[in-house]
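Now for the letters of each chain:
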Amino acid sequence: RAARAGAPPRSSVSAMTGTAAPSPALLARTRAELAAALEGDTAPRAVVMTMGALHQGHFDLVAEAARRVGEAGTVVVTIFVNPLQFAPGEDLDAYPRTLEADVARLTRALTGEGGSLRVGRLVVFAPTPEVMYPGGEPQVRIDPGPIATVLEGRTRPTHFGGVCQVVLALMHLTSPRWALFGRKDAQQLAIVSAMVRDLAMPIEIVPVDIRREPDGLAMSSRNAYLSPEQRQQALALSAALEAGRVAAAAGASAARIREAALAHLEAAPGVEIDYVALVDPETFVDLSGAGLGLPEGADGRGSGEPHQGLLALAARVGSTRLIDNTLVPLAR
Ligand code: PAF
């Protein structure tokens, strides 16, 4: 029986599955409950950090986590809508919160009868802001560095600082061997990877590919904001990436690949472009000479230069801001 997410049981750690299950799933709402859930657990452990409203893209992360830890391992899924990564006027209050359904789906997928994935244990950590930030506004802040100032960071200057703040704290609280991040948030992936490297954290960041709807739209919790008409218009994003991929496959230069994607998006009705960029996937230096305030790099044709570029775009459809990206080969 799943614990009611809205009214968590009083026990220090709440079992979410029936008593007959050999490895019950656990819902922890406080740091103490999480610590109790993980105490003495020496099994391989992976963490999937989410803001909830789980969709198949999240379950791809969970599936990869389950594969990594194996049948005796522990998967920790964190569910926390992190106020620090939302600026005033963004969708913090409107962000979908579906904890009860999320917990039930995770439990079914990882420990339930019909679930295709088996792990030793599933722990869901769903703290409140007070639990996550017990001292209120954090005094010590993570500076996510130059990658955080471009593209998404230009529109959302405080976003990646807030992401790093919570990711670092969640890494400390969950002590995983692996942390899984989706490629959909490519800039987040690059920044978190740099943080783990630069702060010498003994955690392997595992990227997981973007999950798309059958018509190409990248899955996102924010797709729920789109009207049926906007949902159709939003297909222009993945179609623009496809135009870029076609150009790349024909051996086009980085500048031409970006132009192909940009031209497609410019011609699309109902889409207000924020940026279309072709960057190095790790450093986010510009490979296409597009400007955009990006630090400049070579276009990938010199020896030792990256042979893959990240074609990334952001656009508004109605009032919903969507992002998408793809890796493209760059001819040497
Ligand atoms: O990608 C997300 O959902 C969030 O940025 C994360 C990593 C859970 C941090 O709040």
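Here, every reference points to the structure presented above.
Here is what the cut-offs are and how they apply
- Residues numbered from 1 in each chain as written.
- Predicted model: local features only at pLDDT ≥ 70, side-chain atom pairs only at ≥ 80, totals over all residues.
- Heavy atoms only, no water.
- Helix = DSSP H or I, 4+ residues; strand = E, 2+ residues; numbered from the N terminus.
- Buried < 20%, exposed > 50% of the residue type's maximum accessible area, 1.4 Å probe, protein only.
- Contact = heavy atoms within 4.5 Å.
- Areas by Shrake-Rupley, 256 points an atom, 1.4 Å probe, with all protein chains shown as cover.
- Axes fitted to C-alpha atoms, helices over the stretch in contact; angles between N-to-C directions.
- Parallel < 35°, antiparallel > 145°, perpendicular 65-115°, else oblique.
- Left-handed = near helix turned anticlockwise from the far one by under 90°.
- Nonpolar A, V, L, I, M, F, W, Y, C, P; charged D, E, K, R; others polar.
- 1 Å grid on protein atoms, 1.4 Å probe; cavity = no way out; pocket = protein on both sides within 12 Å on 5 of 7 lines; lining within 4 Å.
- Points joined across faces, edges and corners; volume = space filled by probe spheres on them.
- Core = buried A, V, L, I, M, F, W, Y, C linked by side-chain atoms within 4.5 Å.
- Pairing = 2+ DSSP bridges.
- Salt bridge = Lys/Arg side-chain N within 4 Å of Asp/Glu carboxyl O.
- Expected span 1.5 Å × (residues − 1).
- Phe/Tyr/Trp six-rings, centres within 6.5 Å; stacked < 30°, edge-to-face > 60°.
- Polar contact = N/O pair within 3.5 Å; in protein donor to acceptor, adjacent residues only side chain to side chain.

Draft legend 1. Spotlight on the overall build of the protein. Looking only at helices and strands, the protein has 10 helices and 10 strands in total. Counting across all 332 residues of the protein, residues that qualify as buried make up 54%. Counting contacts in the protein only where the partners sit at least 6 residues apart, residues at least 24 apart contribute 71% of the total. Roughly 15000 Å² of accessible area belongs to the protein as shown, and the carbon and sulfur atoms make up 53% of that amount.

Draft legend 2. Layout of the packing of helix α9 (residues 235-249) against helix α10 (residues 254-266). Relative to each other, α9 and α10 sit at 150°, their axes nearing to 8 Å. One finds that α9 runs roughly antiparallel with respect to α10. In the crossing of α9 with α10, the sense of the turn from one axis to the other is right-handed. For the pair α9 and α10, the contacting residues are Ala236, Leu237, Ala239, Ala240, Ala243, Gly244, Ala247 and Ala248 in the first and Ile257, Ala260, Ala261, His264 and Leu265 in the second. Classifying every residue of the contact of α9 with α10 gives 11 nonpolar, 2 polar and no charged.

Draft legend 3. Local environment of the environment of Pro202. Within the fold, Pro202 resides in the loop between α7 (186-198) and β7 (204-208). Considered as a pair, Pro202 and Pro176 are 26 residues apart in the sequence and their alpha carbons are 8.7 Å apart. In this structure, Pro202 is in contact with Pro176 and Arg177, ignoring residues within four places of it in sequence.

Draft legend 4. Structural view of empty space enclosed by the protein. On inspection of all chains with the given rule, the structure shows 2 cavities of 30 Å³ or more. Counted as a void, the largest cavity has a volume near 50 Å³. What lines the largest cavity is Lys184, Leu217, Ala218, Ser220, Asn223, Leu237, Leu322, Ile323 and Asp324. Ranked by residues supplied to the lining of the largest cavity, first place goes to strand β10 (residues 320-329) with 3 residues. In terms of residue class, the lining of the largest cavity is built from 5 nonpolar, 2 polar and 2 charged.

Draft legend 5. Highlighting the nonpolar core. Among the nonpolar cores identified, the biggest contains 48 residues, and Val167, Met171, Phe181, Ile205 and Phe284 are the most heavily contacted of them. Element by element, the count of residues in this core is highest for helix α6 (residues 159-174), at 8 residues. Ignoring sequence-local partners within four residues, the contact set of Val167 consists of Met49, Phe181, Val192 and Met195.

Draft legend 6. Quick look at the sheet that holds β10. Here we have 3 strands laid out as an open sheet, ordered β8-β9-β10, and antiparallel in their pairing. A strand with exactly one partner marks an edge of an open sheet, and here the two such strands are β8 (271-279) and β10. Each adjacent strand pair in this sheet contributes to an overall mean axis angle of 15°, direction not counted. In this fold α9 packs onto β8, β9 (308-317) and β10, with an angle of close to 15° to the strand it touches most, β10.

Draft legend 7. Seen up close, the pattern of salt bridges. Counting across every chain of the model gives 17 salt bridges. Salt-bridge contacts for Glu204 lead to Arg68; the nearest nitrogen and oxygen are separated by 3.4 Å. One end of the pair, Glu204, is in strand β7; the other, Arg68, is in helix α2 (residues 56-69), and 136 residues separate them in sequence. Under the relative-accessibility criterion, Glu204 is labelled partly exposed at 40%. Of the residues examined, Arg68 reaches a relative accessible area of 32% and is grouped as partly exposed. Overlapping salt bridges bring together Glu64, Arg67, Arg68 and Glu204 as one network.

Draft legend 8. A look at the layout of surface pockets. Estimated volume of the second largest pocket: approximately 590 Å³. Contributing to the lining of the second largest pocket are 24 residues, with Arg183, Leu189, Pro281, Glu282 and Leu327 lying nearest its centre. At the level of elements, α7, β7, β9 and β10 are the ones that each hand at least two residues to the lining of the second largest pocket. A total of 6 residues in the lining of the second largest pocket trace back to one element, the largest contributor, which is α7. For the lining of the second largest pocket, the per-class residue count stands at 12 nonpolar, 6 polar and 6 charged.

Draft legend 9. Structural detail: α6. Across its 16 residues, α6 extends 22 Å between first and last C-alpha, which sits within 8% of the 22 Å expected from 1.5 Å per residue. Burial within α6 is extensive, with 13 of its 16 residues counted as buried. Ser175, located one to two residues past α6, shows a positive phi value of around 40°.

Draft legend 10. Broad picture of the packing of aromatic side chains. This model, assessed by the stated rule, comprises 2 aromatic pairs. Between the aromatic rings of Phe86 and Tyr95, the centroid separation amounts to 5.9 Å while the plane-to-plane angle is 75°, which identifies the pairing as edge-to-face. Tyr95 shares its class with Phe86; the two are buried.

Draft legend 11. Structural view of the side chain of Asn223. Inspection of the secondary structure assignment puts Asn223 in the loop between β7 and α8 (228-233). The class of Asn223 is buried, set by a relative accessible area of 12%. At 3.0 Å, the side chain of Asn223 forms a polar contact with the backbone oxygen of Ala218. Setting aside its immediate chain neighbours within four residues, Asn223 contacts Leu217, Ala218 and Leu322.

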